[in-house]
Amino acid sequence: MVRIAALVIAAAMVTGPTANAAPEGIGDAITAAGGTCQMGQEALHCTLGGITFQIVAGWAASTAVRAKACSEGYINARYQVLTVGDSMILTDHNSDLAAIGAALSAQGVQSELQSYCP
């Protein structure tokens, strides 16, 4: 979870408008799919089928911060996230994203797998 904590801190450093699909709305879909979510200080912390992850707003606004973290080697260039509107879903393992994406899709929420690094 150390990597996720670093990502949340980086994402929280950015401010900007949060477009559709705010973390809370995505959390509602996760809850409807049988998961649980609880709002933390900087992110929505969720668990679904034994997978823990965080939902953070600011995908578009965090481009420069993400690029810097990647170019300076703080983030593995192969690290992936799911995006839903302007929110990003962060996990410790890229392999967990397919299950989260499928659960969201079953609730009518479309997500997109993307590289964390711009």
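Now for a look at the structure at hand. (Residues numbered from 1 in each chain as written. Predicted model: local features only at pLDDT ≥ 70, side-chain atom pairs only at ≥ 80, totals over all residues. Heavy atoms only, no water.)

### Regarding the side chain of Arg66
Right, so step 1: Checked against the element boundaries, Arg66 lands in helix α3 (residues 63-71).
Right, so step 2: Of the side chains bearing the opposite charge, Asp86 lies closest to the buried Arg66, which forms no salt bridge; the N-O distance is 7.8 Å.
Right, so step 3: Polar side-chain contacts of Arg66 include one of 2.7 Å to the backbone oxygen of Tyr116.
Right, so step 4: With sequence-adjacent residues up to four places away left out, Arg66 is seen in contact with Trp59, Met88, Ser115, Tyr116 and Pro118. (Helix = DSSP H or I, 4+ residues; strand = E, 2+ residues; numbered from the N terminus. Buried < 20%, exposed > 50% of the residue type's maximum accessible area, 1.4 Å probe, protein only. Lys, Arg positive; Asp, Glu negative; His and termini not counted. Salt bridge = Lys/Arg side-chain N within 4 Å of Asp/Glu carboxyl O. Polar contact = N/O pair within 3.5 Å; in protein donor to acceptor, adjacent residues only side chain to side chain. Contact = heavy atoms within 4.5 Å.)

### Describing the nonpolar core
Right, so step 1: Core analysis: the biggest nonpolar cluster contains 17 residues, and Ile30, Phe53, Ile55, Ile89, Ile100 and Leu104 have the highest contact counts within it.
Right, so step 2: Looking at this core, the elements that each hand over two or more residues are α2 (23-32), β2 (44-48), β3 (51-57), β4 (80-84) and α4 (97-106).
Right, so step 3: No other element matches the four residues that α4 contributes to this core.
Right, so step 4: When sequence neighbours within four positions are dropped, the list of residues in contact with Ile100 reads Ile30, Leu48, Ile51, Phe53, Leu82, Ile89 and Thr91.
Right, so step 5: Grouped together as the second largest cluster of nonpolar side chains are 12 residues, Ala43, Ile75, Tyr116 and Cys117 included. (Core = buried A, V, L, I, M, F, W, Y, C linked by side-chain atoms within 4.5 Å.)

### Focus on the state of the cysteines
Right, so step 1: Per the counting criterion, the structure on display carries two disulfides.
Right, so step 2: Paired by a disulfide, Cys37 and Cys46 hold their sulfur atoms 2.1 Å apart. Handedness here is read from the sign of the S-S torsion; for Cys37 and Cys46, about 110 degrees, the answer is right-handed.
Right, so step 3: Residue Cys37 is classed as partly exposed on the basis of its relative accessible area of 27%.
Right, so step 4: With relative accessibility at 2%, the residue Cys46 sits in the buried group.
Right, so step 5: In this model, Cys70 is linked to Cys117 through a disulfide, with the two sulfur atoms separated by 2.0 Å. Here Cys70 and Cys117 share a disulfide; its torsion about the S-S bond, -90 degrees, makes the bridge left-handed. Of this pair, Cys70 sits in helix α3 while Cys117 sits in the segment after β6 (112-115); the two residues are 47 residues apart in sequence, bridging distant segments of the chain.
Right, so step 6: Judged by its relative accessible area of 16%, Cys70 is buried.
Right, so step 7: On the basis of relative accessible area, Cys117 is assigned to the buried category, the value being 14%. (Disulfide = S-S within 2.5 Å.)

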